[in-house]
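So the chains spell out like this:
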Amino acid sequence: MPALSQYPNITSKNVIGMFFQEMEIAANRSWVSQITNEFTSNQATETYAGLGTVPQMREWLGGKQGKNFREQSLTITNKDWESTIEVAVKDLRRDKTGQLQIRIAELAERATAHDAKLISDLIENGTGTTKGSCYDGLAFFADTHSVGSSGTIDNEKDVDISAVPVATHGTTTDPSVGEFVHAVLDGVSLIQSFKDDQGEPINENASSFLVMVPTGLSKVARLALSQQMISDGENNPLIADTINYNIVSNARLTWTDKFAVFRSDGRSKSFISQLEMAPMLKLLAEGSDYEFTNNAHLYSVEKCGNVGYGRFDQAALITLT
């Protein structure tokens, strides 16, 4: 049987090169890194201690007062993940390079999108009592978070769109541009109001926010960031704002009347991506027993890690009512 190396455009080395090139392209298009801290792992589970913040500057009287992490913590357990495709040797022999490149690119996209899938599940299940435990044991989106001297942190808000001061009104599943703009501003203002465990504003320097919407709200969300005027000569405050807004339409969300706002420029973010083994491509290709027995090659991407909730004070869930 001819070795794969006889087909210079489709060597195993080239396949691996294709995969990681497509991984990089896909990663640059992903929203995950904007709202997720990535940590490496070297054991089955990792415990993340403390939601506390660095202490505020104080007048130096007496000795220095060191501050430890808070006692609250959460644990994330690694899981093994894989995705595998099979390619017939006859297709390689016929030099179907373009088709193989598409399959390898799709494999890379699946690997890159995996964290987006897992984090979308966390966002979708971020309310209620049985799912979404955070550092404080509450759901990610809850109205009774509290850490130290933070006071109550309520990161879920209902916005009555009928009360929004605009000339054009819509419905909760199809709001007007003006209503949506005001709802986004409510979410940003809510996040900016949160205080840390020492009673200090935690998001006072926030200058970048990600607004994640289900596909049903995608059109109005994009119009909200492109229209100069929103209602009867009223300037669009999102356009003139010094804050940067990024719209992400997430097809994995089943919401119809909700969207989420995340601070995206903070050092501590809303979610944790824990990685024990980064996505890697394994092949049973030229010269392998699998090729001999099945006249085909296997390309498998493997990964070990998981995701979890991070800082709930960097996010807000907005429900249109």
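Counting restarts for each chain, with residues numbered from 1 along the sequence as it is written. Restriction of local features to residues with pLDDT of at least 70 applies here, the model being predicted, together with a cutoff of 80 or more for giving and counting side-chain atom pairs; totals for whole chains, interfaces and linings are based on all residues. The basis for the side-chain values is all heavy atoms of the structure; hydrogens and waters are excluded.

Enquirer: Give me the lowdown on the overall build of the protein, citing residues and values where you can.
Expert: To qualify as a helix, a DSSP run of H or I must reach at least 4 residues; to qualify as a strand, a run of E must reach at least 2; elements of each kind are numbered from the N terminus. Counting its secondary structure elements, the protein contains seven helices and 13 strands. What makes two residues a contact is simply this: any of their non-hydrogen atoms within 4.5 Å. A fraction of 77% describes how many contacts in the protein between residues 6 or more apart in sequence connect residues 24 or more apart. Using a 1.4 Å probe, the Shrake-Rupley method yields the accessible areas, and only the shown protein chains count as cover for residues. Counting only carbon and sulfur atoms, one obtains 47% of the accessible surface of the protein, whose full area is about 16,300 Å².

Enquirer: Mind laying out helix α4 (residues 177–193), listing which residues take part and the relevant values?
Expert: The first and last C-alpha atoms of α4 sit 24 Å apart over 17 residues, in line with the 24 Å expected at 1.5 Å per residue. Three exposure classes are used, based on accessible area relative to the maximum for each residue type with a 1.4 Å probe and protein chains only: buried under 20%, partly exposed in between, and exposed over 50%. In terms of burial, α4 is a largely internal element, twelve of the 17 residues being buried. Multiplying one less than the number of residues by 1.5 Å gives the expected span of a helix.

Enquirer: Summarise the pattern of salt bridges; cite the residues concerned and give the values.
Expert: The term salt bridge refers to a side-chain nitrogen of Lys or Arg lying within 4 Å of a carboxyl oxygen of Asp or Glu. A complete count under the given rule lists six salt bridges for this structure. The salt bridge involving Glu109 is made with Arg29; its shortest N-O contact spans 3.5 Å. Taken together, the positions of Glu109 in helix α3 (residues 97–124) and Arg29 in helix α1 (residues 12–29) put the pair 80 residues apart, joining distant regions of the chain. Asp313 is paired through a salt bridge with Arg311; the nearest N and O atoms lie 3.2 Å apart. Per residue, the accessibility class of Asp313 equals that of Arg311, and both read buried.

Enquirer: Which residues make up the sheet that holds strand β1 (residues 36–40), and what values go with them?
Expert: Pairing in this open sheet of four strands is mixed, and the strands run β1-β11-β12-β4 from one edge to the other. Each end of this open sheet is capped by a strand with a single partner; those strands are β1 and β4 (79–88). Sheet twist, expressed as the mean angle between neighbouring strand axes with direction ignored, is 30°. Note that β4 and strand β12 (residues 296–309) share ten bridges and pair antiparallel. Each bridged residue has a counterpart across the sheet, and for Ile85 the counterpart in β12 is Tyr299. Set on the sheet, α1 makes contact with β11 (271–284) and β12; between it and β11 the angle comes to about 160°. Pairing between strands is defined by DSSP: at least two bridges between the two strands are required. Here an axis means a line fitted to C-alpha atoms, over the contact stretch when the element is a helix, while the angle between two N-to-C directions is reported on a 0 to 180 degree scale.

Enquirer: Which residues make up the sheet that holds strand β5 (residues 156–159), and what values go with them?
Expert: In spatial order, the strands read β5-β13-β10-β6-β9; together these five strands make up an open sheet with mixed pairing. In this open sheet, the two edge strands, each paired with only one partner strand, are β5 and β9 (244–249). Going across the sheet, the axis of each strand differs from the next one's by a mean of 25°, ignoring polarity. Summarising the sheet, strand β10 (residues 258–263) and strand β13 (residues 315–320) pair through five bridges and their orientation is antiparallel.

Enquirer: I'd like a description of the packing of aromatic side chains, backed by residues and values.
Expert: Each Phe, Tyr or Trp ring (for Trp, its six-membered ring) is paired with any other whose centre lies within 6.5 Å, and the angle between the two planes then decides the class: stacked below 30 degrees, edge-to-face above 60, tilted in between. Scanning the model with the defined rule gives eight aromatic pairs in all. Pairing Phe140 with Tyr309 gives two aromatic rings, centres 5.1 Å apart and planes at 20°, and the pair type is stacked. Taken as a pair, Phe140 in the loop between α3 and β5 and Tyr309 in strand β12 lie far apart in primary sequence, 169 residues in all. For Tyr309, a relative accessible area of 6% gives the class buried. Their ring planes at 40° and their centres at 4.8 Å tell us that Phe180 and Phe259 sit as a pair that is tilted. One end of the pair, Phe180, is in helix α4; the other, Phe259, is in strand β10, with 79 residues separating them in the sequence. For the residue pair Phe180 and Phe259, the accessibility class agrees, reading buried in each case. Through pairs of rings, three or more aromatic residues link up here, namely Phe140, Phe141, Phe262, Phe271 and Tyr309.

Enquirer: Mind laying out α1, listing which residues take part and the relevant values?
Expert: Along an α-helix, a turn takes 3.6 residues, which lines up residues three or four apart on a common side. When the terminal C-alpha atoms of α1 are compared, their 26 Å separation across 18 residues agrees well with the 26 Å that a helix rising 1.5 Å per residue should span. Regarding α1, the residues found buried are Ser12, Val15, Met18, Phe19, Met23 and Ala26. Across the axial projection of α1, the buried residues extend over an arc of 135°, all falling on one side. Facing away from the buried surface of α1 by more than 90 degrees, the exposed residues are Lys13, Gln21, Glu24 and Asn28. The arc in question is formed by the directions pointing from the helix axis toward the C-beta atoms.

Enquirer: Describe a nonpolar patch on the surface, naming the residues involved and giving the relevant values.
Expert: Here the term patch refers to residues with relative accessible area over 30% and no salt bridge, with like charges joined within 9 Å and nonpolar side chains (Val, Leu, Ile, Met, Phe, Trp, Tyr) within 5 Å. A grouping of Ile16, Phe20 and Met280 is seen on the molecular surface, where their side chains present a nonpolar patch of about 220 Å² in accessible area. Relative to the assigned elements, Ile16 resides in helix α1. When its relative accessible area of 32% is taken as the criterion, Ile16 is described as partly exposed.

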